[in-house]
Amino acid sequence: MCGICGIIDLNSGQPDLIRNMVKALSHRGPDAEGLYEEGSISLAHRRLSIIDTSERANQPMHSADGRFTIVFNGEVYNFLEIKQQLPPRDWQSESDTEVVLAAYQHWGKDCVQQFNGMFALAIWDRVNEELFLARDRVGIKPLYYHFDRNHFAFASEVRALLTLPWIPKKIDQNALVNYLTYQTVYGTETLVKGVRLMGAGTRARLKLRDLASTGFSDEQTLGEEVYWVPGRQEEPWKGSPEEARKKIRSLLRKSVERRMISDVPLGAFLSGGIDSSAIVALMSEVSDQPVDTFSVIFEEKEFDESTYSEIIARRYNTRHHPILIRPQDLLDSLWDGLRAMDHPSGDGINSFVVSKVTRREGIKVALSGLGGDELFAGYPIFTQVKGIHQNRIWNIPYWARRMMAIAYLKVKSGRQAEKKTSILRLRSNQFSNIYPVYRTVYSLKEVASLIAGNGTQSGEYPVDYLKKVVEEAEAYYEGFISKTSYAEIKTYTHSVLLRDMDQMSMAHSLEARVPFFDHELLEMVFQLPDEVKWPRYPKSLLVESLGDLLPHELVHRNKMGFLFPWEQWLRNELKAFAEDRIRSLKERGLMDRCQVQRIWDEFSAGDGSWIWLHVWLLIVLEEWMQNNGF
């Protein structure tokens, strides 16, 4: 796990610029720094040593003939298997990086099809003057980039790109609407105008010779080629449900085993929920040593899950590290967590706190249960979307449903009422209509009132990317579970959970690995029909696939999740901080001053029209802009 960056400068290079970029990534790799500069190209790397911790595995790494140079972030877990498929050579290290470089030399752009892992990489071919870029299938590791007439630059984090003098610190208005609607920016856009995110499961090539005469065009894209789509299969599953359960267990066990390869101390996040407990159980099966597990516990019973994490720790004889967090500890961590936020998000602080305490115990690699909900229908949205689709309200004419919505809002208010009336106003019960309603934070009307008069088409949702995703889901799958899984992975999971996990774990130089997002497991689960995946009880398919690994009392309990008392804090302990950020945000002219103030005043007074997340999105945005010099 590392941080990478690079510049192609069609003018004379400026050596200090690449150094400024890599300095901004120092938290991602405290173990080594490397630079490569030749002509128009500059590459840099910060290393967190995980596999082959010797200097031989430092980057940028060069091929033996000097033709190819790689900077690589992430891990390819099956590198030893790939190594056996490559022509014999005099290997200079025991690292996966050298194998990735050799794989590119052997297979070219198709090397990514061989990789099982999480990665963002750049390989420079000095003979053909060509830069190859790629991201892993699910998009676990990020790669941001920017073009202008004379430059192309890429980096693991937005903050590294913001060190470059030719990138204006300007908010993209359409992305801002996206952020307010979905608590992040979906797809390949970011809040910074002109800075884009390379798509998950894509690869691209930039040929310098083709660009030398014409230059780059503003707002140019990489022209990414998609090499993988989550779970799109030509043939559905033809085995029995029992065969499916056996296959799931086998693939998940193999995924866990692959992700336990490490030359440094390794552990697991253990919340006491089904997903993290499943990972710990399988780690204990494949390991000949007790697993180190880490749980955040609370004195407040409504937040504490230590009873369940301790059940798993005792059952599998882990070296358990329960870490007591008090409210003041969380508040003290908040400021550092906000500074670590590379791109604004309505989430992320939870991941920051868990990563902080895990790294403090000397662990460099931690396995996470993230992904279990997306694959095995663990979120309420899975049953809600299908339930709405099957509801009898669709027998009522459209005009009558609109009248019902108007009448309902006269007697009911609050967020649930907004959701229900949004459903009533839909023209049909197609998945592509229903799903977006459940992922919105600010409604269409609220976004319009916040952004009005600031150069944005405030009368429409920013749904270009989301529309594409839900239409793909409709085309690829018949079952609502698979459709919802696909949409969740391509939107909320990719743009919130995975991005937050990367930036918040790497803020502490901790590598987080996600066995549920092994692409072989994903492909297999997506083949299954809804009747096999339908959650008769929480994540029933996963639980039954694991047999007796999970105790009954853990499976059949209420889902808690790791939540902070944000509503209480914003009205009390964080009130002065919140008011200051709201005041600063109003002065920027990005949003309607009166509407921003009204949201804050009504929330502070306890008006149920606004939840804490509405206010928090505004505060996080302002804090991020201040931290990054906007």
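Quick summary incoming for the structure in this document. None of these values were measured; they are calculated from a predicted model.

To continue, consider the sheet that holds strand E8 (residues 144–148). As summarised here, the arrangement of the 6 strands in space is E2-E3-E1-E9-E8-E10, forming an open sheet in which the pairing is antiparallel. What marks the edges here is a single partner per strand, and that holds for strand E2 (32–38) and strand E10 (195–197). Direction aside, the axes of adjacent strands within the sheet are offset by 15° on average. With respect to the sheet, helix H1 (residues 15–23) is in contact with strand E1 (2–9), E2, strand E3 (41–47) and strand E9 (151–155), its orientation differing from that of E1 by roughly 155°.

Now for the pairing of E8. Across the 5 residues of E8, 5 count as buried, placing the element largely inside the fold. Here E8 shows a buried face lined by Tyr144, His146 and Asp148 and a second buried face lined by Tyr145 and Phe147. Relative to E9, E8 runs antiparallel, the two sharing 5 bridges. What sits directly across from His146, in E9, is Ala153.

Take a positive patch on the surface next. Taken together, the side chains of Arg402, Arg425, Arg427 and Lys445 define a basic patch exposed on the protein surface. As for its placement among the helices and strands, Lys445 is situated in helix H17 (residues 444–451). Under the relative-accessibility criterion, Lys445 is labelled exposed at 72%.

Further remarks concern H17. If you check which residues of H17 are buried, you get Glu446, Val447, Ala448, Leu450 and Ile451. In this structure, the buried residues of H17 make contact with helix H5 (173–182), helix H15 (415–424), helix H26 (593–604) and helix H27 (612–627).

What follows deals with the pairing of E2. As paired strands, E2 and E3 are joined by 7 bridges and run antiparallel to one another. Counted as the bridge partner of Ala32 is Arg47 from E3.

Here the structure, examined in full by the defined rule, presents 44 salt bridges. Among the salt bridges present, the one from Glu81 reaches Arg258, with a minimum N-O distance of 3.6 Å. Note that Glu81 is positioned in helix H2 (residues 79–85) and Arg258 in helix H7 (residues 241–258), a separation of 177 residues in sequence.

What follows covers the side chain of Ser333. In this structure, Ser333 sits in helix H10 (residues 327–340). At 3.3 Å, the side chain of Ser333 and the side chain of Lys356 are in polar contact. Excluding its chain neighbours within four sequence positions, the residues that come into contact with Ser333 are Phe352, Val353 and Lys356.

Strand order in this open sheet of 5 strands is E15-E14-E13-E16-E17, and the pairing throughout is parallel. With partners counted over all chains shown, the strands left at the sheet margins are strand E15 (319–324) and strand E17 (511–513), one partner each. For this sheet, the mean angle separating the axes of adjacent strands, direction not counted, is 30°. In the sheet, strand E13 (residues 266–269) pairs with strand E16 (residues 365–367) via 3 bridges, with the strands oriented parallel.

Now for the nonpolar core. In terms of nonpolar packing, the biggest core is built from 109 residues, with Phe115, Phe119, Leu121 and Phe517 touching the most fellow members. The greatest single-element share of this core, amounting to 11 residues, is contributed by helix H19 (residues 480–506). Sequence-distant contacts of Leu121, that is, excluding residues within four places in its chain, are made with Ile4, Val71, Phe72, Val100, Phe115, Phe132, Leu133, Ala134 and Leu143. Grouped together as the second largest cluster of nonpolar side chains are 83 residues, Ile363, Ile451, Ile599 and Trp616 included.

Within the structure shown, the criterion is met by 22 aromatic pairs. When the ring of Trp335 is compared with that of Phe577, the centres are 4.8 Å apart and the planes differ by 75°; the resulting orientation is edge-to-face. One end of the pair, Trp335, is in helix H10; the other, Phe577, is in helix H25 (residues 575–587), and 242 residues separate them in sequence. On the accessibility criterion, Trp335 (30% relative accessible area) is partly exposed. Looking at Phe577, the relative accessible area reads 11%, which means it is buried. Note that Lys386 overlies the ring of Trp534, its terminal NZ or CZ placed 4.7 Å from the centroid.

Cut-off values and rules
Residues numbered from 1 in each chain as written. Predicted model: local features only at pLDDT ≥ 70, side-chain atom pairs only at ≥ 80, totals over all residues. Heavy atoms only, no water. Pairing = 2+ DSSP bridges. Helix = DSSP H or I, 4+ residues; strand = E, 2+ residues; numbered from the N terminus. Axes fitted to C-alpha atoms, helices over the stretch in contact; angles between N-to-C directions. Contact = heavy atoms within 4.5 Å. Buried < 20%, exposed > 50% of the residue type's maximum accessible area, 1.4 Å probe, protein only. Patch = residues over 30% accessible without salt bridge, like charges linked within 9 Å, V, L, I, M, F, W, Y side chains within 5 Å. Areas by Shrake-Rupley, 256 points an atom, 1.4 Å probe, with all protein chains shown as cover. Salt bridge = Lys/Arg side-chain N within 4 Å of Asp/Glu carboxyl O. Lys, Arg positive; Asp, Glu negative; His and termini not counted. Charge placed at Lys NZ, Arg CZ, Asp CG, Glu CD. Polar contact = N/O pair within 3.5 Å; in protein donor to acceptor, adjacent residues only side chain to side chain. Core = buried A, V, L, I, M, F, W, Y, C linked by side-chain atoms within 4.5 Å. Phe/Tyr/Trp six-rings, centres within 6.5 Å; stacked < 30°, edge-to-face > 60°. Lys NZ or Arg CZ within 6 Å of the ring centre and 35° of its normal.

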